Amino acid sequence: MTEYVKLIIGDKTYQFPVVTGSEGEKAIDISNLRQMTGYITLDPGFVNTGSCESAITYMDGEKGILRYRGIPIEELAEHSTFREVAYLLINGVLPTYKEINRFSVMLNDHSLVHEDMRKFFENFPRASHPMGILSSMVTTLISFYPYLESTEEEINMTVTRLISKVRTLAAISYKISRGHNVVYPRHDFSYCANFLNMMFDSPVKPYQIDEDIVRALNVFLILHADHEQNCSTSAVRVVGSARVNPYATVSAGIAALWGPLHGGANQEVIKMLYDIKERGATVKQMIEKAKDKNDPFRLMGFGHRVYKTYDPRAKIMKKMCDKVLEKLEKPDPLLDIAKDLEEAALNDEYFISHHLYPNVDFYSGIILRAIGIPTNMFTVMFAMGRLPGWIAQWRESMEDPKWKITRPRQIYMGPKKTEYTPIQERK
Ligand code: CMC
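Residues numbered from 1 in each chain as written. Predicted model: local features only at pLDDT ≥ 70, side-chain atom pairs only at ≥ 80, totals over all residues. Heavy atoms only, no water.

(A) Structural view of the site of the ligand. Around the ligand, the structure places 20 residues, and the nearest of them are His262, Leu299, Gly301, Arg305 and His354. The contact in question runs from an oxygen atom of the ligand to an N or O atom on the side chain of arginine 305, over 2.8 Å. The fraction of the free accessible surface of the ligand (930 Å²) that becomes covered by protein chains is 75%. Partitioning the shell around the ligand into residue classes produces nine nonpolar, seven polar and four charged. (Near = heavy atom within 4 Å. Polar contact = N/O pair within 3.5 Å; in protein donor to acceptor, adjacent residues only side chain to side chain. Areas by Shrake-Rupley, 256 points an atom, 1.4 Å probe, with all protein chains shown as cover. Nonpolar A, V, L, I, M, F, W, Y, C, P; charged D, E, K, R; others polar.)

(B) Spotlight on the environment of glycine 301. Relative to the assigned elements, glycine 301 resides in the loop between α13 (283-291) and α14 (312-328). In sequence terms glycine 301 and serine 164 are 137 residues apart; their C-alpha atoms lie 29 Å from each other. Apart from the residues lying within four places of it in its own chain, the contact partners of glycine 301 are Val269, Tyr357, Pro358, Asn359, Asp361 and Phe362. (Helix = DSSP H or I, 4+ residues; strand = E, 2+ residues; numbered from the N terminus. Contact = heavy atoms within 4.5 Å.)

(C) The arrangement of the sheet that holds strand β5 (residues 65-68) in detail. Pairing in this open sheet of three strands is antiparallel, and the strands run β4-β5-β6 from one edge to the other. Bordering the open sheet on either side are β4 (57-60) and β6 (71-72), each of which pairs with just one other strand. Alignment of β5 against β6, held across two bridges, turns out to be antiparallel. Residue pairing in the sheet places tyrosine 68 in a bridge with isoleucine 71 of β6. (Pairing = 2+ DSSP bridges.)

(D) Looking closely at the pattern of salt bridges. Going through the model one piece at a time under the given rule, you end up with 22 salt bridges. Notably, a salt bridge pairs arginine 118 with glutamate 115, separated by 3.1 Å at the nearest N-O pair. Of this pair, arginine 118 and glutamate 115 both sit in helix α5 (residues 115-123), three residues apart, which is roughly one turn of the helix. The class of glutamate 115 is partly exposed, set by a relative accessible area of 40%. Taking the shortest distance from any N to any O, the salt bridge between aspartate 210 and lysine 327 comes out at 3.3 Å. One end of the pair, aspartate 210, is in the loop between α8 (191-200) and α9 (211-224); the other, lysine 327, is in helix α14, with 117 residues separating them in the sequence. Overall, the relative accessible area of 38% leaves lysine 327 in the partly exposed class. Members of the salt-bridge network, linked through shared partners, are Glu152, Arg395 and Glu399. (Salt bridge = Lys/Arg side-chain N within 4 Å of Asp/Glu carboxyl O. Buried < 20%, exposed > 50% of the residue type's maximum accessible area, 1.4 Å probe, protein only.)

(E) Representation of helix α15 (residues 333-346) in the model. Taking 1.5 Å per residue, 14 residues should reach 20 Å; α15 reaches 20 Å between its end C-alpha atoms and fits that length. Its buried side turned inward, α15 meets α12 (265-278), α13, α14, α16 (349-353) and α17 (360-371). (Expected span 1.5 Å × (residues − 1).)

(F) The arrangement of the packing of aromatic side chains in detail. Counting across every chain of the model gives ten aromatic pairs. Ring geometry for phenylalanine 82 against tyrosine 191: centres 5.4 Å apart, planes inclined by 50°, an arrangement best described as tilted. Of the two residues, phenylalanine 82 is situated in helix α3 (residues 82-91) and tyrosine 191 in helix α8; the sequence distance between them amounts to 109 residues. Among the residues examined, phenylalanine 82 registers a relative accessible area of 1% and is labelled buried. Take tyrosine 191: its relative accessible area is 8%, and that puts it in the buried class. In textbook terms, an aromatic cluster arises when at least three aromatic residues are bridged by ring pairs, as seen for Phe302, Tyr350, Phe351, Phe362 and Tyr363. Here the guanidinium or amino end of arginine 167 rests over the ring plane of tyrosine 191, the centre of that ring lying 4.3 Å away. In this structure, arginine 243 packs its charged tip against the face of tryptophan 403, placed 3.9 Å from the ring centre. (Phe/Tyr/Trp six-rings, centres within 6.5 Å; stacked < 30°, edge-to-face > 60°. Lys NZ or Arg CZ within 6 Å of the ring centre and 35° of its normal.)

(G) View of the side chain of histidine 224. Mapped onto the secondary structure, histidine 224 falls in helix α9. A relative accessible area of 0% means that histidine 224 is categorised as buried.

(H) Here's a closer look at the state of the cysteines. Under the defined criterion, the tally for this structure stands at zero disulfides. Between cysteine 231, a cysteine without a disulfide, and cysteine 52, which holds the nearest cysteine sulfur, the sulfur-to-sulfur distance is 14 Å. (Disulfide = S-S within 2.5 Å.)

(I) Local environment of the environment of proline 388. Among the structural elements, proline 388 can be located in helix α18 (residues 378-399). Excluding its chain neighbours within four sequence positions, the residues that come into contact with proline 388 are Phe82, Ala86, Leu89, Ile90 and Ala225.

Quick look at the structure:
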């Protein structure tokens, strides 16, 4: 039986149906609100707004739960690979042997980028941020692969092309930024091993694949693979709703992710830890600065719109840090500083009362540093991880029978009708 809520405006009562999700969360369906009442809702930052129904990712911010297609993130991080998780997110189910082999062959077949694209890379100023380069290059893919049909096969090809080529583009941008030769993808390496090899192999020092590092990269990417309607995913859905091509759509997600309040936070965390290590700042000063309402500084890698408890991804990431550093026999003083900072924040009344806990970005940079990824590539790594999520969400929105172009309204607060003043009469 449908549940309803009542809205009373003046002497009129309106009824709106309640939508209940598969885990019991409830939403008031106000899709007819304006038509029925003449009113709209006002919700800056969409804090209380559900933008869609989705069957991809479930989060419970109070309990610290994250599941992809129903499977807990902890199980996926323990047992799965990034390639398999990408398949799961995009197709809705875990693949069989046959399906994953087919997916691998397609990833391999589409891993090269057109040689002409290399010329673009060479003309970016050396100091360009890799996120800007990646976003531009992903949009550029439409010029090289313009044949987009809506058959299932063609969509699968575009999806695989994106997942495979973004990895190649990311590695090329790094090699070119170093002034080194580009390393081509290899058919005999797994998705993550291939990326590491493209990043670090060199004619003078062949890269030795270390399965523990490959595993760490898999876990890093799995933990970032989707997070329901976050800022960049919403950007993907908004841009995609105009029915633009999937490359431009994903590029919008990359641009949104770049922001320091979103995916760019992983780079900012390392800067913050460096300030403590190198520039004489103390943990206490950082905590006080973050609490100071006259200072725009925030403790980076802390806080989350949805999680009001420890981010389940951060828990896994923290454990991984210890494992990777131990394996590499490469202690990182930044990890000790991060742990001190976390302890100080978790015992501070401000952070306790604001429910601010470490998020996925707090420890991820330490793992990336240990693997050898330079700091300005951290958010590119996040983008590689989030890609299957963006694609799955884009695809779901394209198939949504309730689809509409995204076009919110506003409450106008500007001047009332004003006459045009000719320039000579203006004061
Ligand atoms: N340090 C200090 N205070 C904070 C922090 C922080 N990191 N995060 C939130 N607050 C305070 C904020 O000042 C506000 O205080 P008050 O109510 O007293 O004015 C309160 O907590 C609520 O903050 P908000 O900005 O309304 O919360 P939000 O849900 O809009 O923002 C956030 C979420 C992630 C943008 C924010 O917590 C933040 O800026 N964190 C630091 C950046 C960061 O680590 N971002 C990565 C997010 S996780 C990865 C991803 O998915 O992108």
